[in-house]
Each structure stands twice: as C-alpha cells, then as structure tokens.
Amino acid sequence: SNERLDVLEADLKRYQIVGRSEALLRAFDELKRFARGGLRVILLGETGTGKEVFARAYAAESSRATRPFVPVNIPALSPTVVESELFGHVRGAFTEAVRDKPGRLELADGGVLFLDEIGEIEPALQAKLLRFLDSGESFRVGDTKPRRIDTLVVSATNRAIEKPGSQNAFRADLFARLGQVVRLPPLRDRPEDIPILIEHFLRAHGDGRRFSLSALEAMARY
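Procedures and definitions
- Residues numbered from 1 in each chain as written.
- Predicted model: local features only at pLDDT ≥ 70, side-chain atom pairs only at ≥ 80, totals over all residues.
- Heavy atoms only, no water.
- Helix = DSSP H or I, 4+ residues; strand = E, 2+ residues; numbered from the N terminus.
- Contact = heavy atoms within 4.5 Å.
- Pairing = 2+ DSSP bridges.
- Axes fitted to C-alpha atoms, helices over the stretch in contact; angles between N-to-C directions.
- Parallel < 35°, antiparallel > 145°, perpendicular 65-115°, else oblique.
- Left-handed = near helix turned anticlockwise from the far one by under 90°.
- Nonpolar A, V, L, I, M, F, W, Y, C, P; charged D, E, K, R; others polar.
- Core = buried A, V, L, I, M, F, W, Y, C linked by side-chain atoms within 4.5 Å.
- Buried < 20%, exposed > 50% of the residue type's maximum accessible area, 1.4 Å probe, protein only.

Asks: Please set out the side chain of Glu-9 residue by residue, giving values where relevant.
Replies: With respect to the helices and strands, the residue Glu-9 is situated in helix α1 (residues 2–14). For Glu-9, the residues in contact, after removing those within four places along its chain, are Gly-19, Arg-20, Leu-25 and Ile-196.

Asks: Describe the sheet that holds strand β9 (residues 180–183), naming the residues involved and giving the relevant values.
Replies: The 5 strands are arranged β2-β5-β8-β1-β9 in an open sheet whose pairing can be described as parallel. Since the sheet does not close on itself, it has two edges, and those belong to β2 (69–73) and β9, each with one partner. Taking each pair of neighbouring strands and ignoring which way they run, the sheet shows an average axis angle of 20°. In terms of strand pairing, strand β1 (residues 41–44) meets β9 through 4 bridges, oriented parallel. By the bridge assignment, Leu-43 is partnered in β9 with Val-182. Lying on the sheet, helix α2 (residues 22–36) is in contact with β1 and β9; it crosses β9 at an angle near 150°.

Asks: Can you explain the packing of α2 against helix α3 (residues 51–61)? Please cite residues and give values.
Replies: Across the interface, α2 lies against α3 with an axial gap of 8 Å and an inter-helix angle of 40°. When the interaxial angle is binned, α2 and α3 end up oblique. Of the two elements, α2 crosses α3, and the hand of that crossing is right-handed. Together, Leu-24, Ala-27, Phe-28, Leu-31, Lys-32, Phe-34, Ala-35 and Arg-36 of α2 and Phe-54, Ala-57, Tyr-58 and Glu-61 of α3 make up the contact between the two elements. Residues of the contact of α2 with α3, tallied by class, amount to 9 nonpolar, no polar and 3 charged.

Asks: Go over the nonpolar core with me, naming the residues and quoting the values.
Replies: Membership of the largest hydrophobic core comes to 27 residues, with the highest contact counts inside it found for Phe-28, Leu-31, Val-41, Leu-43, Phe-54, Tyr-58 and Val-154. Where this core is concerned, the elements lending two or more residues are α1, α2, β1, α3, β5 (112–116) and β8 (152–157). Top contributing element to this core by residue count: α2, with 7 residues. What Phe-28 contacts, discounting residues up to four positions off in sequence, is Leu-8, Asp-11, Leu-12, Tyr-15, Phe-54, Ala-57 and Glu-61. Leu-115, Leu-133, Ile-149 and Ile-161 belong to the second largest nonpolar core, which has 25 residues in total.

Okay, structure coming up:
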C-alpha cells in the first residue's frame, strides 16, 4: 500500500537512504528483520550501493543501537597490520608493539563491528575470524589467553566471494557463519528512484533551481 511505502521511505530517510523502489524497500525490509532478530548479515553490493550506510541502519535497528558501531575498511589497512587492528596485540608481540592494544573486535564489545570488503581478508585470518564467530573468544596477537567478546559482526563485499577451490578462495564455512545475505541494488536496477534522488539533492542545496523534464529523462536513461 502507499501508506506502507510512505512509512518505509520515512525509515530509509532517517538513515540517509533515498528512494522508494521495490528493490530498495525489499533490501531494507530484510535488513530490519535480521537486525531485530540479532542475526548476522553480509551485505552484497557493488561499490556505491551504500553498504556502510545500510550497516549503520542495521545497528540502529538492532538491540545494540546505543552501543559502539566500529567500521573497518579492510582494503584501507596494510596487510601486515590487519590482524593487529582486528584482534589487538600484547606488548612485545612484534617490534612495534610497545604497549598492549585492544583490537576493533574488543572496541565493538556489546555493539556492532562492520567489516567492509571482507573478501580481502587473507586465509590465515579467515580461520581466526571463524574461530571467534564460533566461540565468541578472541586472542590478541602474541597472547595465549582468550578474551570473551560480545560483538555482532556485519560484513560486506562488492563482489561475489570466490568459490572454494579457486585461487585465494574464501572459506565456505566462514561465509556460512557471516549470516544472511542482503543484496543491495545498484541504481540501474531502480531507475524510478532517480527523480527522487535528484529532488533530494536539489532540496539540500536549497537555491530553488529545477531540472527540465528532458534533463530528467536524459539522467534516467544514463
């Protein structure tokens, strides 16, 4: 119904997500349902589909809304520091480890950790992450004592994660633990949202200018 669409669109706007296409609303509906059930999700969507925005919406719709939301962009980290950044380290674990340092998993304790582009995590760390998802226990680099952490992991990837057997394959058992797949539609699959987006940005700039009908049609075709 139009009333339901209006409610969902208003919910989306709260999280800076603009549109009311069926594909967008379906993705958001799924996300809300999984968030309220406390289920892990993996967001599958191309670059630019708003994966971190949806992850923040997930956290806000969950029972952890007042707890930390900690985003980690895996490709932005040097491969040599990913393990330390995620799991932390103890003093003396390696040359630069001059003091104990909690990892992002610990910083998100009680809240949500968002792992963006999780497909870039190397196999050895995939095993360590799988162990945490199975047990709720995490080891800092160089430590032999596990720490119990209540962190809910939400992840994202901009490509279909490679099948087992291929080079640099992603672990099938880890993929299964990452939870429900929520597919975020690219703009080309929701062209009816283009006029709504244009109106949103024009209103944000507030100078009263408008596009002609032919200009709107050209942008929709593009």
